[in-house]
Amino acid sequence: MEKRTLLVAEGIDKRFGITHAVNNVSLEIAAGEIRGLIGENGSGKSTFCQMLCGIYSIGGGTFTLDGEQLHIRNQVDANNAGISIIVQEMGTLSGLTVAENIYLGHEEPFVHMGVKDSRAMNREAQELLDSYGFGRIKAGAMIDHYNFEDRKLVEIVKATYMKPKILVIDETTTALSQNGRLELYKIMDAVRADGRTVIFISHDLGEVLAHTDTVSVLRDGEFIGTVNSQDVTEDDLKRLMVGREIGTAYYRTDYGQEIDGEAVLSVENVTVPGELNDISFVLHRGEILGFGGLSECGMHEVGKAIFGASWDRGGTVRLADGTEINDIPTAIKHSIAYASKDRDNESIILNESIRNNIVLPSLDDLATHGLLNGWKLNRFADEQAKNMQTKMQNVGQFVSDLSGGNKQKVVLARWLGKGSDILVLDSPTRGIDVKVKQAIYALMAELREQGKAIIMISEEIPELLGMADRIFIMKDGRINGEFTRSPELGEEDLIAKMV
Ligand SMILES: Nc1ncnc2c1ncn2[C@@H]1O[C@H](COP(=O)(O)OP(=O)(O)OP(=O)(O)O)[C@@H](O)[C@H]1O
């Protein structure tokens, strides 16, 4: 049976200064369809969806929903028209409770004669959270109390409880661990079964093919086409995104190499209350050490603990020369790099230029007799940003204006430029497109060959299997399994230690 058309986009267009972010895009989406939206970093996916959802004004063209032209001025208008979004970055507001975030802009049912009934709001929000299986999140608690993933779960509730006609999910899965992802896929399937529609943005092409009916491709802001998910392969999608064949090299292909470099870092009996429980391990020169696990397993805290960024940490983190790392300045001074999973809050200064973000940890090295030369800083930042293939106007552009994947490239450019000996990379390829992912993996392999030591914390099991020399799987704040790189090692081996 022919499906009913739900959304028609006609000539949708948006410019930011000289950047033509979305260029005359026309497409249609049916009711009861899960539509993937793919394209390289900066190809216009988020901008297109954010116009639909009232976050950006529409530069040109029209959206028609169920036969009626939309006139959306803001996100509340979009919600009222039946359109919700789970954004790529942090989509909840600090300083508010979980319940206040869920009902933001829709508080009327809880306001009586000008007074908000917080108890009723909390009660209903808790019922919602429980019904989604997220009961461990407390409606009355401040949102700041929760980590990035839990805040995403709150956002999922917020975006879906009103049963929108169109649910946009912008690069959300990389913020979630395996179990969170399964919950999200279930929600997507339920939306489709209900005759409603999902627009699903992801750089994980396997995931896109497995969970969508159709896929639309954008390239440099232009609409390239829509394909049926069952008729295409990942390679077909890559070709459509990039416009040409891209090489097949991806993860490391070497196996059986002994790690014989000396120890560069030892972590002894590290404990962080409620997060880590007596963690000990040694990191070697020329080693990629992977950490994996489910949400709340503690792996993200390991990265913070090594960088001296944990609150109330016990135990020791010691470099080969005996230096103890207990705070961030000491970590940076001794050539430790750290890219956090919570990019916008912990890894980047959004209201600063790309240049200032990249040079930050390298200022001492770039100064001549204590003086900084602007031209030299520009050149350094430009070189590092271009090495990471950052899509930008120039290094003076604010990081807040970059697409999600390009922000991540700036984070990596900063630490790779610093030439750190120990790199702690939490979710390094989060939001990064396939082409640049390939380049990052090649770079990690090269750094390893140069004798650098890398800790890679990742929710992506194939990435752990493909890149790490050793893998630690964490559970309940402890190391629950240790594996050595091997072609025989499979996803199920790691998962068995996670659950
Ligand atoms: N507020 C803004 N000001 C200036 N330029 C912007 C702004 N928002 C986005 N852009 C630019 O528009 C282009 C498209 O960005 P967009 O975020 O839509 O890409 P994307 O396809 O979602 O990328 P990613 O996969 O990295 O999330 C990029 O070149 C980006 O730098």
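- An unreviewed UniProt entry lists the protein chain under the name Ribose transport system ATP-binding protein, with Aristaeella lactis as the source organism.

1. Examining the pairing of strand β20 (residues 470–475)
At step 1: Judged by how many residues are buried, β20 sits mostly within the fold: five of six residues are covered.
At step 2: Two elements, strand β15 (residues 288–293) and β20, share five bridges in a ladder whose sense is parallel. For Gly293, the partnering residue across the bridge sits in β20 and is Met474.
At step 3: In this structure, β20 lies alongside strand β21 (residues 478–484), joined through six bridges in antiparallel fashion. Along β21, the bridge assignment pairs Ile471 with Phe483.
At step 4: Count of turn residues in the β20/β21 antiparallel hairpin: two residues, of which Asp476 carries a positive phi of about 50°.

2. Comments concerning the nonpolar core
At step 1: Core analysis: the largest hydrophobic core is formed by 74 residues, its most contacted members being Leu265, Phe281, Phe291 and Leu494.
At step 2: Beyond its immediate chain neighbours, meaning those up to four positions away, Phe281 contacts Leu265, Ser266, Val267, Leu289, Phe291, Val302, Ile306, Ile455, Phe472 and Ile479.

3. A short note on the site of the ligand
At step 1: Taken together, the neighbourhood of the ligand is formed by 19 residues, with Lys45, Thr47, His203, Ser403 and Gly405 sitting nearest.
At step 2: Contacts to the ligand include Gly42, whose backbone N or O atom sits 2.8 Å from an oxygen atom.
At step 3: The separation between an oxygen atom of the ligand and a polar side-chain atom of Ser403 is 2.7 Å.
At step 4: Coverage of the ligand by the protein chains reaches 91% of its 640 Å² of free accessible surface.
At step 5: For the shell around the ligand, the secondary structure elements donating two or more residues are β2 (19–30), α1 (45–52) and α15 (404–418).
At step 6: When its residues are assigned to classes, the shell around the ligand shows four nonpolar, twelve polar and three charged.

4. Some thoughts on a nonpolar patch on the surface
At step 1: Taken together, Phe16, Ile55 and Tyr56 make up a surface patch of nonpolar side chains, about 230 Å² in accessible area.
At step 2: Tracing the backbone through its elements, the reader meets Ile55 in the loop between α1 and β4 (60–65).
At step 3: In this structure Ile55 comes out as partly exposed when scored by relative accessible area, which is 34%.

Reading the values: the criteria
- Residues numbered from 1 in each chain as written.
- Predicted model: local features only at pLDDT ≥ 70, side-chain atom pairs only at ≥ 80, totals over all residues.
- Heavy atoms only, no water.
- Buried < 20%, exposed > 50% of the residue type's maximum accessible area, 1.4 Å probe, protein only.
- Helix = DSSP H or I, 4+ residues; strand = E, 2+ residues; numbered from the N terminus.
- Pairing = 2+ DSSP bridges.
- Core = buried A, V, L, I, M, F, W, Y, C linked by side-chain atoms within 4.5 Å.
- Contact = heavy atoms within 4.5 Å.
- Near = heavy atom within 4 Å.
- Polar contact = N/O pair within 3.5 Å; in protein donor to acceptor, adjacent residues only side chain to side chain.
- Areas by Shrake-Rupley, 256 points an atom, 1.4 Å probe, with all protein chains shown as cover.
- Nonpolar A, V, L, I, M, F, W, Y, C, P; charged D, E, K, R; others polar.
- Patch = residues over 30% accessible without salt bridge, like charges linked within 9 Å, V, L, I, M, F, W, Y side chains within 5 Å.
- Salt bridge = Lys/Arg side-chain N within 4 Å of Asp/Glu carboxyl O.

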